[in-house]
Amino acid sequence: MHASTGRVVAAAAGLALVAGGAGGAVGALIADDDPATTTTASAGPAGAGSCDVAGVAARVFPSLVTVHVRRGDVSGIGSGSVLDSAGNILTNDHVVAPGAGGTVTVDFARGPAGVAATIVGRDPATDLAVLRVDPGSTRLTPVTVGDSSALVVGQPVVAAGSPLGLSATITAGVVSALNRYVDVGQGEEPAALINAVQTDAAVNPGNSGGPLADCAGRQVGVNSAGAQTPDGGGGSIGLNFAIPIDFAVSVAGQLIKNGRAEHPVLGVLSVTVTDEMARSTGLPRGAYVEQVLPGLGAARGGLRAGDVITQVGDVAVTSTDQLLVAVQAHRPGDTVQVGFQRAGAPQRAGVTVATPG
């Protein structure tokens, strides 16, 4: 979806400065104390009804929290999931950002409310964050972590969270697409959902940071953003995005250990070779290298400005977005085979991914 047809908004409630605001816009796809439980047995698409949603809710709710943040006149509501018995809670960065320097509390869907939490670490670039509560504050039930790499288009999934502050809410749908790159940056601060899972399970402001689960009740994603129509009206339109749990857990582990996360880069600045560009120039679809940054892996591997990257490891690359996704699948220090075209001839080079700076 292009910026002209819609926009992506963070699914965190109350982030706007205006009292009663239901969330704030955070970018576009690149090309721009209620104890009630709501259970949706089927979101409409074929296959969604084959999932035991009530069973998923029973398994997920003990690990689900509502996150409340406040700093001065700014407040917000989001969701999260308990990661471990040490009290670490996984959520979105845009959920906790308003509470940096303020107060953060969590309400357990199956436990006490108003439990004080601290921010362990934030990673605005990937929109992930980790909170921590005193492990003695309540009985903690860590979420069961699934395998997001095993997801397939069409399989049923369930989203849990606190849309509009309505705690312990469940919606159901299917995985409608995989490997999306979603720009959720605000202003000059870049942020992106890498390899995002697209789902039609309803996600609204307040769902951010909550679990997307498979039918076994295992968390396979972190609900993070939803598309809206150009006029911004209405709620979920069935285009919602979650960060894959494999990637989220990797980032969370770094935040818990170091308080920050590092992300790999090849060391190039590139633009997408579109179909139109390919027809007019004869270049292949891929990521056209405009600049090679000195001292990083691409420069050491011999890549040059004017090369068109078409493959990273076993992953085909037809755009800069796909290049970013493919590189993020590797760890800093890994050497990966990069396929590219130079002057019409296909070539390959071993490139070591590194962290910027």
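Every value quoted in this text rests on a predicted model; they were computed, and no experiment measured them.

Focus: the overall build of the protein
Okay, step 1: The helix and strand tally for the protein stands at six helices and 19 strands.
Okay, step 2: Across the 357 residues that make up the protein, the buried fraction comes to 49%.
Okay, step 3: Carbon and sulfur atoms make up 52% of the accessible area of the protein, which amounts to about 14900 Å² in all.

A word on the confidence of the model for the protein
Okay, step 1: Per-residue confidence for the protein gives a mean pLDDT of 84; residues scoring 70 or more make up 83%.
Okay, step 2: In the predicted structure, residues 1-7 sits below a pLDDT of 50 and forms 24 contacts with residues beyond four places in sequence or in another chain.
Okay, step 3: Low pLDDT (under 50) marks residues 13-49, which in the prediction has 90 contacts with non-local residues, meaning those over four places away or in another chain.

Comments concerning the sheet that holds strand S3 (residues 74-82)
Okay, step 1: Strands sit in the order S2-S3-S4-S7-S6-S5 around a closed barrel of six strands; the barrel is antiparallel. With strand direction ignored, the average angle separating the axes of adjacent strands in the sheet is 40°.
Okay, step 2: Strand direction decides the pairing type here: strand S2 (residues 64-71) and S3, joined by eight bridges, are antiparallel. From the neighbouring strand, Val 69 faces S3, where its bridge partner is Gly 76.

Things to note about the nonpolar core
Okay, step 1: With 21 residues, the main nonpolar core has Leu 90, Leu 128, Leu 193, Val 222, Ile 243 and Ala 248 as its most contacted residues.
Okay, step 2: Listing elements by their share of this core, those giving two or more residues are strand S7 (128-133), strand S10 (192-199), strand S12 (219-228), strand S13 (240-244) and helix H3 (245-258).
Okay, step 3: Considering every element that reaches this core, the biggest residue donor is H3, with six residues.
Okay, step 4: Apart from the residues within four sequence positions on either side, Ile 243 is in contact with Asn 92, Thr 126, Asp 127, Leu 128, Leu 193, Val 220, Gly 221, Val 222, Ser 224 and Ala 248.
Okay, step 5: Listed in part, the 19 residues of the second largest apolar core include Ala 287, Val 317, Ala 326 and Val 353.

Thoughts on the pattern of salt bridges
Okay, step 1: Throughout the structure, instances matching the rule amount to five salt bridges.
Okay, step 2: Taking the shortest distance from any N to any O, the salt bridge between Asp 214 and Arg 218 comes out at 2.8 Å.
Okay, step 3: Of the residues examined, Asp 214 reaches a relative accessible area of 7% and is grouped as buried.
Okay, step 4: Classification of Arg 218 as partly exposed rests on a relative accessible area of 38%.

Describing the side chain of Asp 127
Okay, step 1: Note on placement: Asp 127 falls in the loop between strand S6 (115-123) and S7.
Okay, step 2: Buried and unpaired, Asp 127 has no salt bridge, with Arg 122 as the nearest side chain of opposite charge at 7.9 Å.
Okay, step 3: A distance of 2.7 Å separates polar atoms of two side chains, one belonging to Asp 127 and the other to His 94.
Okay, step 4: Beyond its immediate sequence surroundings of up to four residues, Asp 127 is in contact with Thr 91, Asn 92, Asp 93, His 94, Val 184, Leu 193, Ser 224 and Ile 243.

Thoughts on the side chain of Thr 138
Okay, step 1: Structurally, Thr 138 can be placed in the loop between S7 and strand S8 (156-161).
Okay, step 2: Look past the residues within four positions of Thr 138 in its chain and what remains in contact with it is Phe 108 and Pro 112.

What counts, and at which threshold
- Residues numbered from 1 in each chain as written.
- Predicted model: local features only at pLDDT ≥ 70, side-chain atom pairs only at ≥ 80, totals over all residues.
- Heavy atoms only, no water.
- Helix = DSSP H or I, 4+ residues; strand = E, 2+ residues; numbered from the N terminus.
- Buried < 20%, exposed > 50% of the residue type's maximum accessible area, 1.4 Å probe, protein only.
- Areas by Shrake-Rupley, 256 points an atom, 1.4 Å probe, with all protein chains shown as cover.
- pLDDT = per-residue confidence, 0-100.
- Contact = heavy atoms within 4.5 Å.
- Pairing = 2+ DSSP bridges.
- Axes fitted to C-alpha atoms, helices over the stretch in contact; angles between N-to-C directions.
- Core = buried A, V, L, I, M, F, W, Y, C linked by side-chain atoms within 4.5 Å.
- Salt bridge = Lys/Arg side-chain N within 4 Å of Asp/Glu carboxyl O.
- Lys, Arg positive; Asp, Glu negative; His and termini not counted.
- Polar contact = N/O pair within 3.5 Å; in protein donor to acceptor, adjacent residues only side chain to side chain.

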